[in-house]
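If you want the building blocks of each chain, they are given just below.
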Amino acid sequence: MEYMTKTEFAERCGVSKVTVFNWIKSDKDGIGRYTSRQGISADIFTDPAWSNMDTKEGALTRAAQLKKELESW
């Protein structure tokens, strides 16, 4: 299982590290299932609640890509 630090996750989501900690504290969209001492599991982006996350790098998840294509039609 691949993990990223909370800082890396924040950068990837285009939010601050404080926001990520607030998400974890409130268990936003079940983020707690993907959080451990190693960091945040990359598997979070396969979760339906997180799969449409448009990451900072512009790398949309597959679900978000399909949704975007459907909306453009």
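This text gives an overview of the structure that appears in the document. None of the values given here were measured: they were computed from a predicted structure.

### Digging into the sheet that holds strand β1 (residues 3-4)
- The strand order across the open sheet built from three strands is β1-β3-β2, with neighbouring strands paired in antiparallel fashion. The sheet is open, and its two borders are formed by β1 and β2 (35-36), each paired with just one other strand.

### Things to note about the packing of aromatic side chains
- Per the counting criterion, the structure on display carries four aromatic pairs.
- Relative to tryptophan 23, the ring of phenylalanine 9 has its centre 6.4 Å away and its plane inclined at 80°; by these criteria the two rings are edge-to-face. You can see phenylalanine 9 sitting in helix α1 (residues 6-13) and its partner tryptophan 23 sitting in helix α2 (residues 17-26), a full 14 residues away along the chain. For the pair shown, phenylalanine 9 and tryptophan 23 are each scored as buried.
- Feature note: the residues Phe9, Trp23, Phe45 and Trp50 constitute an aromatic cluster, connected by ring pairs.

### Re unusual backbone geometry
- Unlike most non-glycine residues, aspartate 27 shows phi in positive territory, near 55°.
- In this structure, aspartate 27 sits in the loop between α2 and β2.
- Non-glycine residue aspartate 29 carries a positive phi angle of around 50°.

### Section: the environment of isoleucine 31
- With respect to the element layout, isoleucine 31 can be found in the loop between α2 and β2.
- For the pair formed by isoleucine 31 and tryptophan 50, sequence separation is 19 residues and the distance between their alpha carbons is 8.8 Å.
- Once residues lying within four places of it in the same chain are set aside, the contact partners of isoleucine 31 are Phe9, Trp23, Ile24, Ile40, Ile44 and Trp50.

### Side note on the pattern of salt bridges
- Counted under the stated rule, the structure contains two salt bridges.
- For lysine 28, the salt bridge identified is with aspartate 29, shortest N-O distance 2.9 Å.
- For lysine 28, a relative accessible area of 29% corresponds to the partly exposed category.
- Ionic pairing is found between aspartate 47 and arginine 33, a salt bridge with its closest N-O pair at 2.6 Å. Remark: arginine 33 occurs in the loop between α2 and β2 and aspartate 47 occurs in the loop between β3 (39-41) and α3 (62-72); sequence separation between them is 14 residues.
- Judged by relative accessible area, which is 59%, arginine 33 ranks as exposed.

Calculation notes
Residues numbered from 1 in each chain as written. Predicted model: local features only at pLDDT ≥ 70, side-chain atom pairs only at ≥ 80, totals over all residues. Heavy atoms only, no water. Pairing = 2+ DSSP bridges. Helix = DSSP H or I, 4+ residues; strand = E, 2+ residues; numbered from the N terminus. Phe/Tyr/Trp six-rings, centres within 6.5 Å; stacked < 30°, edge-to-face > 60°. Buried < 20%, exposed > 50% of the residue type's maximum accessible area, 1.4 Å probe, protein only. Contact = heavy atoms within 4.5 Å. Salt bridge = Lys/Arg side-chain N within 4 Å of Asp/Glu carboxyl O.

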